[in-house]
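Residues per chain are reported as follows:
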Amino acid sequence: MFRYGNFVDNLRLYVRGGSGGMGLPRLGGQGGKGGDVWVVATKNMTLKRIKDKYPQKRFIGEAGANSSVRALKGEKGKDMEILAPIGITVTTDDGKIVGDMNTEGDRLMVVKGGPGGTFHSAFEPSKGQTKHIRLDLKLIADLGLVGFPNAGKSSLLTAMSNATPQIANYSFTTLKPEIGKVMYEDYKQISVADLPGLIEGAHINKGMGHKFLKHVERTKQLLFVVDVCGFQLASKTPFRSPFEAVLLLTKELELYKEELVSKPALLVVNKMDLPDAEDKLAELKEQLQNPDEFSHLLPDDMIPKSCITFRHIVPVSASTGFGVDRLKRCIRESLDEDSTMATKAIHQDRLQALRCHSHQHL
């Protein structure tokens, strides 16, 4: 169980379906079924609230009623509902995904109650299923900012959202994932999550690496942010050019989960107000066009299998505001393009289904 201040982003719970009720041999009566346990996605709910309300973290369905002369068929036990925040993944203890809860009202049965006793079971009831489950919160945002600590992601977020990024109930120390809202003139809003800086080796769980890589999974697109002048994390680590930073970030994502690299991505080259920035940008663009020629600059184990093709490369300066409007336009364009494609795909599927359906009826 990880905790930063009061923020809880995963919980382990014990869940057990209710036991069935006894059958009544004399009259062939059957016991009621035990109640099931459900996880229900609920607005304004937090994992911390569940933890405070149920410190034992045990959720058990009600037992089914026994069969009696008055009620030959015993009543079913009441189901137990675990009200959980939207945006969680429910997994078993060994990491298998039971389901994702992405929309308010999503319901997921996690364990079944036991059947009541009947003639076939010699009137003996069964116990409900038991297991441990984990509720894992993942931030959902349209865009996830990916970059090393000094790339200026927070200041970029502030510049883009014309406001201090609202910290959406995540009371962290300096490691808070901030969610900023970018507003457009037509009132469309795009949410951008600034995940704390990745550190080389995050996939091996150095620092907070892994915890935040899982939040990247949930974003629709990625916004890589690099410092045009490159960076050095600490005096002991080597200096990295912006091109090397892009490769290393790609490698981190790839090692954590290969599919992440196929998400649509944009590249922001920040700090364009620094001297020689234009030359350095030109060099970076050239390297990105022919990555194979330049990747020998890094040791083999740091070179990603495939390089990301960025939809847009946008030079900005978060501190002067240069390029920020263009960046907002590019983001909007990229997200709109994807939603248009997704809508088309849905229409295609529906048409296909209709065609098959009409063929069956001919």
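Because the structure is predicted, anything quoted here is derived from the model rather than measured.

Bringing the packing of helix H4 (residues 242–256) against helix H5 (residues 277–289) into the picture now. Angle between the axes and distance between the axes are the two parameters that describe a pair of packed helices. Between H4 and H5, the least distance of the axes is 9 Å, while the angle of their chain directions is 40 degrees. With respect to their mutual orientation, H4 and H5 come out oblique. Side by side, H4 and H5 meet where Pro242, Phe243 and Val246 of the first sit next to Leu284, Gln287 and Leu288 of the second. Its residues assigned to classes, the contact of H4 with H5 comprises 5 nonpolar, 1 polar and no charged.

Turning our attention to unusual backbone geometry. Positive phi, normally seen in glycine, also occurs at alanine 122, with a value near 55 degrees. Tracing the backbone shows alanine 122 in the loop between strand S9 (107–111) and strand S10 (130–137). Note on alanine 122: relative accessible area 57%, which makes it exposed.

Let us now look at the pattern of salt bridges. Taken as a whole and assessed by the stated rule, the structure comprises 15 salt bridges. Between lysine 48 and aspartate 52 there is a salt bridge; the shortest N-O distance is 2.8 Å. Here lysine 48 and its partner aspartate 52 are both found in helix H1 (residues 47–53), 4 residues apart, which amounts to about one turn of the helix. Judged by relative accessible area, aspartate 52 falls into the partly exposed class, the value being 48%. The salt bridge involving arginine 311 is made with aspartate 338; its shortest N-O contact spans 2.8 Å. Remark: aspartate 338 occurs in helix H7 (residues 324–361) and arginine 311 occurs in the loop between helix H6 (291–294) and strand S16 (313–315); sequence separation between them is 27 residues.

We now examine the confidence of the model for the chain. Averaged over all residues, the pLDDT of the chain equals 83, while 85% of them reach at least 70. Within the chain, the element-level pLDDT minimum falls on strand S1 (residues 3–4), averaging 36, and the maximum on strand S5 (residues 58–60), averaging 97. Under a pLDDT of 50 for its full length, residues 1–5 has, in the predicted model, 15 contacts with residues more than four places off or in other chains. Considering only residues more than four positions removed or in separate chains, one finds that residues 165–174, a stretch of pLDDT under 50, has 24 contacts.

Rules and cut-offs
Residues numbered from 1 in each chain as written. Predicted model: local features only at pLDDT ≥ 70, side-chain atom pairs only at ≥ 80, totals over all residues. Heavy atoms only, no water. Axes fitted to C-alpha atoms, helices over the stretch in contact; angles between N-to-C directions. Helix = DSSP H or I, 4+ residues; strand = E, 2+ residues; numbered from the N terminus. Parallel < 35°, antiparallel > 145°, perpendicular 65-115°, else oblique. Contact = heavy atoms within 4.5 Å. Nonpolar A, V, L, I, M, F, W, Y, C, P; charged D, E, K, R; others polar. Buried < 20%, exposed > 50% of the residue type's maximum accessible area, 1.4 Å probe, protein only. Salt bridge = Lys/Arg side-chain N within 4 Å of Asp/Glu carboxyl O. pLDDT = per-residue confidence, 0-100.

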